[in-house]
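Residue-level structure breakdown
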Amino acid sequence: MGPRPPRLPRAPRKRPPDPRPVYVRFVCFHLVEGQRTRLGLFQALDEARMSDNATGWALAQLKESVDWFNEELKAPTHFNRGRYGAWGQSALCWFKSSAEDHIRRMYDLKVALEECGVHVEVLTTREPGHVLYEDDHQIAAEPLDGRF
């Protein structure tokens, strides 16, 4: 018997795509008082407006973004249930990845906030927690184990 031929490497197995949807959240590095979650961008607007770094174009972008979201995004008015009662105070809002216009506008808001000195991070997850509210563009979910 002659020498064995070298073993060919196996092709890596491809994982099947994860069928769960992806959700997107924009946050600042400030913690919400009394909670372990970080501040959302709409909650950081006043800080940006009061910043010494705020420039004219950034303030104009903040106003334009807020006006657009006031027209195009529903504010959750009720939640199905929550650990802290009917209003779900621990719920965090996430954009559905299909809400492309909303996410694009959030990136515009991110740029303006950062110009004003407010650092913004973009989070994504497939596990936002227990969904308490949902519409065409967003969900509000109570995070599992205090994440996010």
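Below, the structure is looked at part by part. Note that the coordinates shown come from a computational prediction; the quantities given were computed from them, not determined experimentally.

**Comments concerning helix H2 (residues 56–72)**
Along its 17 residues, H2 runs 24 Å from first to last C-alpha, staying within 8% of the 24 Å computed at 1.5 Å per residue. Those residues of H2 lying buried are Ala58, Gln61, Leu62, Ser65, Val66, Trp68 and Phe69. Seen from one end, H2 has its buried residues packed into an arc of 165°, which puts them on one side. Facing away from the buried side of H2 by more than 90 degrees, the exposed set consists of Gly56, Lys63, Asn70 and Glu71. Residues of H2 that are buried make contact with helix H1 (45–50), strand E3 (92–96) and helix H3 (100–115).

**Here we look at the pairing of E3**
Within E3, four of the five residues are buried, which leaves the element mostly enclosed by the surrounding structure. In this sheet, strand E6 (residues 138–142) lies alongside E3 in antiparallel orientation, the contact comprising four bridges. Residue pairing for E6: Phe95 is matched across the bridge by Gln138.

**A word on the nonpolar core**
Core analysis: the biggest nonpolar cluster contains 24 residues, and Phe26, Leu41, Leu62, Phe95, Met106, Leu109 and Leu113 have the highest contact counts within it. At the level of secondary structure, the elements contributing two or more residues to this core comprise strand E1 (23–31), H1, H2 and H3. Beyond its immediate stretch of four places on either side in the chain, Phe26 contacts Leu39, Gly40, Leu41, Phe95, Ile103, Met106, Tyr107, Val120, Glu121 and Val122. With seven residues, the next largest nonpolar core counts Tyr23, Leu92, Ile139 and Ala141 among its residues.

**Some remarks on H3**
Given a rise of 1.5 Å per residue, 16 residues ought to cover 22 Å, and the 23 Å separating the end C-alpha atoms of H3 matches this to within 8%. Within the span of H3, buried status applies to His102, Ile103, Met106, Leu109, Lys110, Ala112 and Leu113.

**A short note on the packing of H2 against H3**
With their axes 9 Å apart at the nearest point, H2 and H3 run at an angle of 150° to one another. Here H2 is positioned roughly antiparallel relative to H3, judged by the angle of their axes. The handedness of the crossing between H2 and H3 is left-handed. For the pair H2 and H3, the contacting residues are Trp57, Ala58, Gln61, Leu62, Glu64, Ser65, Trp68, Phe69 and Glu72 in the first and Asp101, His102, Arg105, Met106, Asp108, Leu109, Val111, Ala112, Leu113 and Glu115 in the second. Partitioned by chemical class, the residues of the contact of H2 with H3 number ten nonpolar, three polar and six charged.

What counts and how
Starting afresh in each chain, residues are numbered from 1 along the sequence in its written order. Per-residue local features of the predicted model are confined to residues with pLDDT of at least 70, and side-chain atom pairs are confined, for both listing and counting, to 80 or more; whole-chain, interface and lining totals are unaffected and use all residues. The basis for every side-chain value is the complete set of non-hydrogen atoms in the structure, without hydrogens or water. Counting from the N terminus, the helices are the DSSP runs of H or I reaching at least four residues and the strands are the DSSP runs of E reaching at least two. Here a helix's expected span is defined as the number of its residues, less one, multiplied by 1.5 Å. Only protein chains enter the calculation, and the probe is 1.4 Å; a residue is then buried if its accessible area is under 20% of its type maximum, exposed if over 50%, and partly exposed in between. Our arc is simply the arc of the directions from the helix axis toward the C-beta atoms. Any two residues whose heavy atoms approach within 4.5 Å are treated as being in contact. Note: two strands are recorded as paired if DSSP finds a minimum of 2 bridges between them. Only buried residues count toward a nonpolar core. Its members are Ala, Val, Leu, Ile, Met, Phe, Trp, Tyr and Cys residues joined through side-chain atoms within 4.5 Å. The angle between two axes is taken between their N-to-C directions and runs from 0 to 180 degrees, where each axis is a line fitted to C-alpha atoms and a helix contributes only its stretch in contact. What sets the label is the angle itself: under 35 degrees gives roughly parallel, over 145 gives roughly antiparallel, 65 to 115 gives roughly perpendicular, and the rest give oblique. Should the near helix be turned counterclockwise from the far one by less than a right angle, the crossing is left-handed, whereas a clockwise turn marks it as right-handed. All residues other than Ala, Val, Leu, Ile, Met, Phe, Trp, Tyr, Cys, Pro, Asp, Glu, Lys and Arg, Gly among them, are scored as polar; the first ten of these are nonpolar and the last four charged.

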